Every structure is written in structure tokens, then in C-alpha cells.
Amino acid sequence: MKIFESLNIPERFTRPVLTIGNYDGIHVGHRKIIEQVKQKAKELSGTSMLMTFHPHPMSVLRPEKYTRIITPLYVKKRLIEETGIDVLIIVPFNDEFRGIEPERFIRKILIDKIGVAGIVVGYDFRFGKDGAGDIRMLRGFVEDYDLYLGVVDAVTVDGEKVGSNGIRKLIAAGDVAKAKKLLERPHMIDGVVVRGDSRGREIGFPTINLATAFELVPKEGVYITEVKIGGRRYPSVTNIGYNPTFNHDRELTVETYILGFSEDIYGKEVYLYFHERIRPEMKFRSVGDLQTRITKDVETARKYFSKNKYEVSSRQ
């Protein structure tokens, strides 16, 4: 996949079929649009392209309503590349770009600069200054220029419309199982393993502490997770919270107990995937009560992975 991080694109591509959007999360709805882009590009012997924006437009347009993003830019790039898109254009979303009138955006950028042969967008797509451009306007232009236009209807899962904002709310509320269905993958964060205070080791459940820059970390609680270290993924249990039993932590911590793993990985980068929430974070009356509950949480995770036929050696 070729990546351009501005609209200064030094080459012309054959019959580009383009989709445009924020694409935060690359969820099932996004994937449906991307598949249509790829299919149309194949029919035209053309180039599949995706245009997205950085930073997220809401952080510029309505910062007071901005919510944490699901996928940081470097993760979004990887997920888009995995879909098989040929070209990714990342447009800096600044005051100059936000001020472009819809008609100018179509003529000067889509037609003159990119030379699109087709456009595929979602049903609620809006563009240009103040979001004044819509599907109706786009239809008029594609007819004038004899271009293909594909409009993808809302995608629903279990009767619920799939959207990035809804997924953000699910993750923030701890419902990572439902978010996983809408994303078609577990929500993931990454970070570096740092040293903690070794409480887990003292009570028989040594954990890794993850320092992460991810904006969207699930709600405090205990989760069934997987940890990817190097090229392998391992079953795990993760606690997100403030360790109320010890009345110690003032900052949110992400601590993970990796089942059957004892290597020293301080300083290494790891990836953490969230499957299900077991319970909220709790304050226990004693360390013994905490140990009993962690034992139960670990057994819950073992049953989950056993049910899903988990094999460490096969997960890459």
C-alpha cells in the first residue's frame, strides 16, 4: 500500500476508485465500503484508494465534544493496509482544509488532482465547509463527469446500526465483547511493559504493567484478554483500575497476568486484546479474599479460551 500524508500526490494512478471518511476503528461498516471500493476498482482495472484525515475532524471542529479515538493513526494505517487498499491518503485536517467549499473539493481535489473514476461512500457522508456537501450534491457531479458513485447503506449487527461513536461508548463502558462484534476484532491497545510494585508476584499472580498512550482504554474492571509478545499471542487476565484493596494507586493502571508465562519482558512493547469483561474492579476486605477472586477470574479465562479452542502455538 502506498501512503501519502498530504494532498501533494506526485503521481497519477489508473482509474482511481476512492472512498472518503474518518475510518476510526475500521469496523464492519467501514469494511463493507472498502470491499465495494476494491471490487469496483477491480472491475475498472483501476486503483483502490482511501482518503482519511488527521487529526480527527471533531478535535478541530468541536473540541468540546471530541471523544477518544478507537485507532491511533499508526494502527489505522496498519488495519487499512490489511484490507488490501492500494493507496491511502491522509489529509491534515486544519483550518485551510476545513474551509474548502464542497464544489471546490470535488473539482480541484477529487477530479483535477486525483482523477477519480469512481467514489464509494457511506449513506451519511458529508463533506466540504460546514459539512454542506452531501450525497445529493455528489450525485449531480458524478453525472456531469460520468463517474461511478456507490452509496453503502447503514450496516446493522443484531439490529443495531454500526458506527464509530457507538463503538467508542461501548469500549468506554467496558462492553468489549459487543465492541468486538462490531469491529470484527478485539479492541486493542499497546504499550511498553514497565516496573510496578510487584504486588501481583507477592500474592501469587505476577503481572506485567503496561504504560500506554492509547486514548481509549476500557472502563475499570477485570477482562479476559490476550497479550501479543513478539509474534505470539498468549491468554491473559487484565485488571484496569486503581487497586482499591491496597488504597495505593492514584493513577489508572493496566496490569495483566499472562497464563503460563514467566519470562522477563520489562521494556518490551506488547499488544493487549480485549475479549470480555469479567467483573468491575472491587475492593476486598483482605489479601486472601483478593487471591480467591483472582483465582476465580483466571479460571473463568481458562474456560473461555478452552471453549474457543485456544492454542498458543497457533496464534500469530
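Located above this text is the structure these notes cover.
Please clarify how the overall build of the protein chain should be interpreted in this entry.
Secondary structure assignment for the protein chain yields 10 helices and 14 strands. The dimensions of the protein chain, computed from C-alpha atoms along their principal axes, are 75 × 40 × 40 Å. Of all 316 residues assigned to the protein chain, the portion counted as buried reaches 48%. If you take every contact in the protein chain between residues at least 6 apart in sequence, the share linking residues at least 24 apart comes to 73%. Put simply, the protein chain shows about 16100 Å² of open surface, and 46% of that area lies on carbon and sulfur atoms. Charged side chains of the protein chain number 50 positive and 43 negative; the gap between the two group centres comes to 3 Å.

How should I be thinking about empty space enclosed by the protein in this particular structure?
Think of a ball as big as a water molecule: rolled over the atoms, this probe shows where empty space is left. For the structure on display, the rule yields three cavities of 30 Å³ or more. If you trace the largest cavity, you find 24 residues lining it, with Asn239, Asn243, Glu255, Leu290 and Ile294 closest to the centre. Counting only elements with at least two residues in the lining of the largest cavity, the list comes to α9 (199–202), β12 (232–241), β13 (253–258) and α10 (287–307). Looking at which element gives the most residues to the lining of the largest cavity, the answer is α10, with four residues. A per-class count over the lining of the largest cavity returns 12 nonpolar, seven polar and five charged.

Would you explain helix α7 (residues 164–172) in this entry?
Residues spaced three or four apart along an α-helix point in a common direction, a consequence of the helix completing one turn every 3.6 residues. Every buried residue of α7 is listed here: Ser164, Ile167, Arg168, Leu170 and Ile171. The arc that holds every buried residue of α7, seen down its axis, measures 160°, which confines them to one face. Against the buried residues of α7 lie α1 (28–43), α8 (176–183) and β9 (187–194). Glycine 174 lies just past α7 and shows a positive phi near 90°.

Would you explain the layout of surface pockets in this entry?
If you add up the space inside the largest pocket, you get close to 1400 Å³. As for the largest pocket, its lining consists of 44 residues, of which Gly21, Asn22, Asp124, Phe125 and Arg126 are closest to the centre. When residues of the lining of the largest pocket are traced back to their parent elements, those giving at least two are β2 (16–20), α1, α2 (57–61), α4 (95–98) and α7. Counted by class, the lining of the largest pocket contains 19 nonpolar, 14 polar and 11 charged residues.

Explain the sheet that holds strand β11 (residues 221–229) to me, please; I cannot follow it from the model alone.
A barrel is described by the order of its strands in space; here six strands give the closed sequence β9-β10-β13-β12-β11-β14, paired in antiparallel fashion. Averaged over all neighbouring strand pairs, the angle between strand axes comes to 45°, with direction disregarded. Here eight bridges tie β11 to strand β14 (residues 269–279), and the two strands are oriented antiparallel to one another. Pairing of valine 222 across the sheet is with arginine 279, part of β14. Strand contacts of α10: β11, β12, β13 and β14, with the helix running at about 100° to β14, the strand carrying the most contacts.

What am I meant to see in the pairing of strand β4 (residues 87–92) here?
Every other side chain in a regular strand lies on the same face of the sheet, so the side chains alternate between the two faces. Among the six residues that make up β4, five are buried, leaving the element largely enclosed by the rest of the structure. Two elements, strand β1 (residues 2–4) and β4, share three bridges in a ladder whose sense is parallel. Bridge pairing links phenylalanine 4 to isoleucine 89 in β4. Examined bridge by bridge, strand β3 (residues 47–54) and β4 share six bridges and lie parallel to one another. Residue pairing across strands places threonine 52 opposite isoleucine 90, the latter belonging to β4.

Would you take a moment to explain the nonpolar core for this structure?
Generally speaking, a soluble globular protein has its nonpolar side chains buried in company with each other. Ranked by internal contacts, the top residues of the largest apolar core, which has 38 residues, are Ile229, Ile258, Ile265 and Val270. In this structure, isoleucine 265 is in contact with Val193, Ile208, Ile229, Ile258 and Val270, ignoring residues within four places of it in sequence.

Calculation notes
Note on numbering: residues in each chain are counted from 1, in written sequence order. Local features in this predicted model are restricted to residues of pLDDT 70 or higher, and side-chain atom pairs are both shown and tallied only at a pLDDT of 80 or more, whereas totals for entire chains, interfaces and linings draw on every residue. No hydrogens and no water enter the side-chain calculation; it runs on all heavy atoms of the structure. Numbering of helices and strands runs from the N terminus, with a helix taken as a DSSP run of H or I at least four residues long and a strand as a DSSP run of E at least two residues long. Type-normalised accessible area, obtained with a 1.4 Å probe on protein chains alone, sets the label of each residue: buried when under 20%, exposed when over 50%, and partly exposed for intermediate values. It only takes one pair of heavy atoms within 4.5 Å for two residues to be counted as in contact. Reported accessibility uses the Shrake-Rupley method at a 1.4 Å probe radius. Residues are deemed covered only where the shown protein chains occlude them. A residue counts as positive if it is Lys or Arg and as negative if it is Asp or Glu; His and the chain ends are not included. Charge positions come from single atoms, namely NZ of Lys, CZ of Arg, CG of Asp or CD of Glu. Throughout, the protein atoms alone are placed on a 1 Å grid, and a set of points is a cavity if a 1.4 Å probe fits but cannot get out or a pocket if it is open with protein on both sides within 12 Å along at least five of seven lines; lining residues have an atom within 4 Å of a point. Grid points are joined across faces, edges and corners, and a volume is the space filled by probe spheres set on the points. When residues are grouped by polarity, Ala, Val, Leu, Ile, Met, Phe, Trp, Tyr, Cys and Pro land in nonpolar, Asp, Glu, Lys and Arg in charged, and all others, Gly among them, in polar. The arc refers to the directions leading from the helix axis to the C-beta atoms. Two strands pair if DSSP finds at least two bridges between them. For every element, the axis is a line fit to its C-alpha atoms; helices are fit only across the contacting stretch, and the angle between N-to-C directions ranges from 0 to 180 degrees. In plain words, nonpolar cores are sets of buried Ala, Val, Leu, Ile, Met, Phe, Trp, Tyr and Cys residues tied together by side-chain atoms within 4.5 Å.

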